[in-house]
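Breakdown of the fold
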Amino acid sequence: MQDVTNLPFMSVIQRYGGPDYYVTEYFRVHADYSLEKKILSSITENQTGKPIYAQLIGQDIEALVRVARELQHYPIAGIDLNLGCPAPVVCRKDAGGGLLRKPQQMEAILSAMRDAIPGKFTVKTRVGFHKHDEFTGLLDIFKRYAIDTLTIHGRTVQERYQTPVHTDCIRMAVEHMHCPVMANGNVVDVQTGHGALRLTGAAGLMIGRGAIRNPWIFEQLRASFAGNSPTRVTRAGLLDYIGNLYEQIASHTVDFDACKHVNRMKKYMLYIAQGIDEEFEYRIRRATSPEDFHATCNDFLANNSPLPECPPENSKLFCGFDALR
Ligand SMILES: Cc1cc2nc3c(=O)[nH]c(=O)nc-3n(C[C@H](O)[C@H](O)[C@H](O)COP(=O)(O)O)c2cc1C
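Just so we're clear, the structure is a prediction, and the values are computed from it rather than from any experiment.

Structural notes on the site of the ligand
Close contacts around the ligand come from 15 residues, with Q55, N184, N186, G208 and R209 the closest. Separating an oxygen atom of the ligand from a backbone N or O atom of G208 is a distance of 2.8 Å. One nitrogen or oxygen atom from the side chain of R209 is found 2.7 Å from an oxygen atom belonging to the ligand. For the ligand, the protein covers 87% of the area, taking 610 Å² as the surface of the free molecule. In terms of residue class, the shell around the ligand is made up of five nonpolar, eight polar and two charged.

Structural data, given as structure tokens:
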């Protein structure tokens, strides 16, 4: 995830179990593009012990092929093509989710990249641009290019992040694709993880926002799949996670400035604070110094009461996940 799944974030969530594999933030590929050092470091300095896929976004075929070839000199598990980003600036250039409304161009990219990538080539898509009934046509295209895994964020580009997911589309992909299909969207706890698998029949889950809020989610799901009780996270556990995130991200920041760092932390805290306490959210949003930031965290989290397992269903950043139960 852009500005989220960087090297320090991955190293922190790995301490709490981490996923089976990681995907980098996307490399924004264009004609005279050279690999961004910061994103590249999440591959070259990856110490999580887990494989990492390099994600590319773009629409320039030659550039995508060149970058895909270049990345093969690095320790990656494979190359992932982003066909889901809904940002208007990306879609306007017919990249990311914008490519879903340009099937011919998308097909040309898939074909060229498949030919250029001898190892794993995976795709992350949404279920359409305007409507989810576009998905059958998209699946026909994906099927033609022998991709190794298809990860589906079960919303259209226009639905962005705030609706229930179209689990029926993911199930259709599971039935029609010749590769493993991963279900993505709205998994926020163990129950929604089980629900997403039950409703889609997918081979696995990709978890985004839910992992920022609760990095234990991967370990909790693994425990639950193995028939064990998932660990219950306490507020003190969350305080430990926030402290680690604060330190790790600070240690990777060039020209560190404490107040700017507090602002940097807020993009993670937006997700973490959901459902804890309105006053906590309010004070974190207004914190301007490290002292304010840490005092607020300590005031609300330095105790052993259990955290709510999921965020509020109607919160701005998480909603629609009850449909997965
Ligand atoms: C801040 C943010 C950044 C994201 N960046 C990326 C990205 O770089 N590549 C990608 O494939 N998806 C990206 N996504 C989408 C997520 O990977 C995921 O598909 C989406 O949030 C739905 O899954 P979730 O409910 O588990 O978060 C991003 C999402 C958010 C909220």
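Quick word on the nonpolar core
Counting residues in hydrophobic clusters, the biggest one holds 95 residues, and the most contacted among them are F27, L56, L71, F142, L150, Y241 and F293. If sequence neighbours within four positions are ignored, F27 has contacts with Y33, L35, E36, I39, L40, I43, A54, Q55, L56, I57 and L71.

Observations concerning the pattern of salt bridges
Scanning the model with the defined rule gives 14 salt bridges in all. The partner of K102 in a salt bridge is D94, with the nearest N and O atoms 3.8 Å apart. Exposure remark for K102: the relative accessible area of 34% places this residue in the partly exposed category. When its relative accessible area of 17% is taken as the criterion, D94 is described as buried. We note a salt bridge from R325 to D322, for which the minimum N-O separation is 2.7 Å. Owing to a relative accessible area of 31%, R325 belongs among the partly exposed residues under this scheme.

Regarding helix α12 (residues 258–272)
With 15 residues, α12 extends 20 Å from end C-alpha to end C-alpha; this agrees with the ideal 21 Å at 1.5 Å per step. Of all the bends in α12, the largest measures some 40° and sits at K266. Among the residues of α12, those classed as buried are H261, V262, M265, K266, Y268, M269, Y271 and I272. Residues of α12 that are buried in the fold lie against α1 (7–15), α9 (209–213), α11 (235–251), α13 (278–286) and α14 (290–301). In this structure D257 caps α12, since a side-chain oxygen of it lies 3.0 Å from the backbone nitrogen of C259.

Details of the pairing of strand β3 (residues 78–83)
When you tally the buried positions in β3, you get six out of six residues, the bulk of the element. Where strand β2 (residues 52–57) lies against β3, four bridges are found, and the strand directions are parallel. Residue pairing across strands places Q55 opposite D80, the latter belonging to β3. Note that the unit made of β2, helix α3 (residues 61–71) and β3 has a crossover that is right-handed. By the bridge criterion, six bridges tie β3 to strand β4 (residues 120–126) in an arrangement that is parallel. What sits directly across from I79, in β4, is F121.

A word on the pairing of β2
Most of β2 sits inside the fold, with six of its six residues counted as buried. The pairing of strand β1 (residues 22–28) with β2 spans five bridges and is parallel. Note on β2: the bridge partner recorded for F27 is L56. Taken together, β1, helix α2 (residues 37–44) and β2 constitute a β-α-β crossover, and its handedness is right-handed.

The rules behind these values
All chains use their own residue numbering, which begins from 1 and follows the written sequence. In keeping with the predicted nature of the model, local features appear solely for residues at pLDDT of at least 70, side-chain atom pairs appear and are counted solely at 80 or more, and the whole-chain, interface and lining totals rest on all residues. Each side-chain value is derived from all of the structure's non-hydrogen atoms; neither hydrogens nor water enter the calculation. A molecule or strand has a residue near it when one of that residue's heavy atoms lies within 4 Å. Distance and chemistry together define a polar contact, namely a pair of N or O atoms within 3.5 Å, with one atom able to donate a hydrogen and the other to accept it when in protein, and with adjacent residues in sequence counting only for side-chain atoms on both sides. Per-residue and other accessible areas were derived by the Shrake-Rupley procedure at a 1.4 Å probe size, with only the shown protein chains allowed to occlude residues. Note on residue classes: Ala, Val, Leu, Ile, Met, Phe, Trp, Tyr, Cys and Pro are nonpolar, Asp, Glu, Lys and Arg are charged, and everything else, Gly too, is polar. As used in this record, nonpolar core signifies buried Ala, Val, Leu, Ile, Met, Phe, Trp, Tyr and Cys residues forming a set joined through side-chain atoms within 4.5 Å. Burial classification: accessible surface area is computed with a 1.4 Å probe over protein chains only, and a residue below 20% of its type maximum counts as buried, one above 50% as exposed, and the rest as partly exposed. Residue contacts are defined here by distance: any two heavy atoms, one from each residue, within 4.5 Å place the two residues in contact. A pair is scored as a salt bridge if a Lys or Arg side-chain nitrogen falls within 4 Å of a carboxyl oxygen belonging to Asp or Glu. In this description a helix means any DSSP run of H or I spanning at least four residues, a strand means any run of E spanning at least two, and both kinds are numbered starting from the N terminus. Take the number of residues in a helix, subtract one, and multiply by 1.5 Å to get its expected span. Given a residue, its bend is the angle between the two axes fitted to the seven residues that end at it and to the seven that start from it. In this analysis, strands are considered paired if DSSP registers two or more bridges between them. By convention a crossover is right-handed if, when the strands point away from the viewer, the path from the first strand over the helix to the second runs clockwise.

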